[in-house]
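Examination of the molecular architecture
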Amino acid sequence: MIDIVLRLAPVTVRVRSPFRSVARHIERFYGGLPADSALNRDDPFVDFDIRLVGGANWRRWFRPQARFLLDESDPFLPLPASQAAPLFEWGLNWCFATRPLGYLVMHAAVVAQGGDALILPGFPGAGKSTLCASLTFAEGWRLLSDELAILEPETGELQPNPRPISVKNESLRIVSAFPGATLGPAYSDTRKGTVAHVAPPAASVDAAEQTARCRWVVFPRFTADAPTTCEEITRAEAFTRIAEQSFNRDRMGEAGFHAICAMLDGARCFEIGYGSTADGLGLIRDITSERTAQ
């Protein structure tokens, strides 16, 4: 049984579960984060109170399942018990996307050099997580998140949330070859195929309270063996695409609209197409170089 409170900037999360796989996942990927082995009873507030538990009734014995509970509510259908650890990561993403924490949350990877952030929005299959991992481990960018761009509307700053990077299928081979990339177990037959997680670099975790400001937005499009293409697009077009990737802009109303506008103010926006990870990295280098950025 695990019962732990983690500071996963910008939130605090309590995790409880009898699954050994969840305990091993937390130890492997979150062991270096500020944590308490048990909840502080004098100050019990947490942003997300998560439990991963087994299925009910006969399924406990004949077809073991894992259920994700947030504040004792059950928002998802159960998954096989063997997928309890990735269910924790998927469920945590859902918490950020649905809980009204005051942030604008977008489906995008985010990396940074110093205080300058590169946002990589993308639909599933666009290649953003692989490109994000490649930038982090092969190019030395600081990881803010591979799934969630978390924007503070009042300051226009992007909040880091350096959790494990989720890679799948062919990306497993690519990312595992990078120096410093530590992969956990592979989970097969998930709804995303074969999935594994990559531990975020220690330097990114140590900088989890250091915000960054958007300087570049790049919409990636990976197609195997396709030629490289790079087109600069207007901020208006980028706004439309990012709004589609926002989980809560409509709920935030006018504040969400102005937050995206402020985030894009001064940023350069591009759409890239590429047929290999090396080509994608080359395009990013060109876009973010001083010659291109002028």
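Think of each chain on its own: its residues are numbered from 1, step by step along the sequence as written. Only residues with pLDDT of at least 70 get local features here, since the model is predicted, and only at 80 or more are side-chain atom pairs given and counted; chain-wide, interface and lining totals rely on the full set of residues. Only heavy atoms go into the side-chain values, all of them from the structure, while hydrogens and water stay out.

1. A look at the pattern of salt bridges
- Any carboxyl oxygen of Asp or Glu that lies within 4 Å of a side-chain nitrogen of Lys or Arg is treated as forming a salt bridge with it. On inspection of all chains with the given rule, the structure shows 18 salt bridges.
- With its nearest N and O atoms 2.6 Å apart, the salt bridge here joins Arg268 to Glu232. Placement of the pair is Arg268 in strand 17 (residues 268-274) and Glu232 in strand 16 (residues 229-233), with a sequence separation of 36 residues.
- Of the charged contacts in the structure, one is a salt bridge between Asp250 and Arg249, with a shortest N-O distance of 3.4 Å.
- With a 1.4 Å probe rolled over the protein chains alone, any residue whose accessible area is under 20% of its type maximum counts as buried; one over 50% counts as exposed, and the rest are partly exposed. A relative accessible area of 66% means that Asp250 is categorised as exposed.
- Classification of Arg249 by relative accessible area gives partly exposed; the value is 21%.
- What you see here is one network of salt bridges that share partners, running through Arg16, Asp49, Arg51 and Glu72. Secondary structure is summarised from DSSP: a helix means a run of H or I of at least four residues, a strand means a run of E of at least two, and numbering begins at the N terminus for each.

2. Side note on the packing of aromatic side chains
- Aromatic pairs are defined between Phe, Tyr and Trp rings, using the six-membered ring for Trp, whenever the two ring centres lie within 6.5 Å; interplanar angles under 30 degrees are classed as stacked, those over 60 as edge-to-face, and all others as tilted. Under the defined criterion, the tally for this structure stands at 7 aromatic pairs.
- Pairing Phe48 with Phe96 gives two aromatic rings, centres 5.4 Å apart and planes at 85°, and the pair type is edge-to-face. Of this pair, Phe48 sits in strand 4 (residues 48-54) while Phe96 sits in helix 3 (residues 84-98), placing them 48 residues apart in sequence.
- Judged by relative accessible area, Phe96 falls into the buried class, the value being 2%.
- Arranged with centres 6.0 Å apart and planes meeting at 70°, the rings of Trp141 and Trp216 form a pair that is edge-to-face. With Trp141 in the loop between helix 4 (128-138) and strand 9 (142-145) and Trp216 in strand 15 (residues 213-222), the pair connects residues that are 75 residues apart, well separated along the chain.

3. Things to note about helix 3
- The span one expects for a helix is its residue count, reduced by one, times 1.5 Å. With 15 residues, helix 3 should cover 21 Å at 1.5 Å per step; its first-to-last C-alpha distance of 21 Å lies within 8% of that length.
- Counting buried positions along helix 3 yields 13 of 15 residues, so the element is predominantly enclosed.

4. As for the packing of helix 1 (residues 20-30) against helix 3
- Helix axes are fitted to C-alpha atoms over the stretch in contact, other axes to C-alpha atoms as well, and angles between N-to-C directions run from 0 to 180 degrees. Their axes nearest at 8 Å, the elements helix 1 and helix 3 cross at an angle of 60°. On the basis of their axis angle, the class for helix 1 and helix 3 is oblique. In this structure, helix 1 uses Ser21, Val22, His25, Ile26 and Tyr30 to contact helix 3, whose residues at the interface are Ala84, Ala85, Phe88, Glu89 and Leu92.
- Of the residues in the contact of helix 1 with helix 3, the class split is 7 nonpolar, 2 polar and 1 charged. We call two directions roughly parallel when the angle between them is under 35 degrees, roughly antiparallel when it is over 145, roughly perpendicular when it lies between 65 and 115, and oblique otherwise. Contact definition: two residues touch when any of their heavy atoms are within 4.5 Å. Gly is put with the polar residues, along with every residue not named as nonpolar or charged; the nonpolar set is Ala, Val, Leu, Ile, Met, Phe, Trp, Tyr, Cys and Pro, and the charged set is Asp, Glu, Lys and Arg.

5. Notes on the layout of surface pockets
- Looking at the largest pocket, its volume works out to about 860 Å³.
- The biggest single contributor to the lining of the largest pocket is helix 3, with 6 residues. A cavity here means a set of 1 Å grid points, computed over protein atoms only, where a 1.4 Å probe fits but cannot escape. A pocket is an open set with protein on both sides within 12 Å along at least 5 of 7 lines, and lining residues have an atom within 4 Å of a point. Grid points are joined across faces, edges and corners, and a volume is the space filled by probe spheres set on the points.

6. A look at the side chain of Thr190
- Topologically, Thr190 is positioned in strand 13 (residues 187-190).
- Whenever a nitrogen or oxygen atom comes within 3.5 Å of another N or O atom, the pair is scored as a polar contact, on the condition that within protein one atom can donate a hydrogen and the other can accept it, and that pairs from neighbouring residues in sequence are kept only if both atoms are in side chains. Side-chain polar atoms of Thr190 contact the backbone oxygen of Gly193, separated by 2.6 Å.
- Once residues within four sequence positions are removed from consideration, Thr190 is found in contact with Gln83, Trp90 and Val195.

7. Here's the deal with empty space enclosed by the protein
- For the coordinates displayed, the defined rule picks out 2 cavities of 30 Å³ or more.
- Here the largest cavity defines a volume of roughly 110 Å³.
- For the largest cavity, the full set of lining residues is Glu89, Trp90, Asn93, Ser145, Asp146, Glu147, Asn161, Arg163, Pro164, Ser166, Lys192 and His197.
- Considering every element that reaches the lining of the largest cavity, the biggest residue donor is helix 3, with 3 residues.
- For the lining of the largest cavity, a count of residues per class yields 2 nonpolar, 5 polar and 5 charged.
- Within this model, the second largest cavity holds a volume of roughly 30 Å³.
- If you go around the second largest cavity, the residues you meet are Phe96, Arg99, Leu101, Gly102, Tyr103 and Val105.
- Residues belonging to the lining of the second largest cavity are distributed by class as follows: 4 nonpolar, 1 polar and 1 charged.

8. Some words on the pairing of strand 13
- In this analysis, strands are considered paired if DSSP registers two or more bridges between them. One ladder, built from 2 bridges, connects strand 13 with strand 14 (residues 193-198); its direction is antiparallel. The partner of Thr190 across the bridge, within strand 14, is Gly193.
- Connecting strand 13 to the antiparallel partner strand 14 that follows it, the hairpin turn spans 2 residues.

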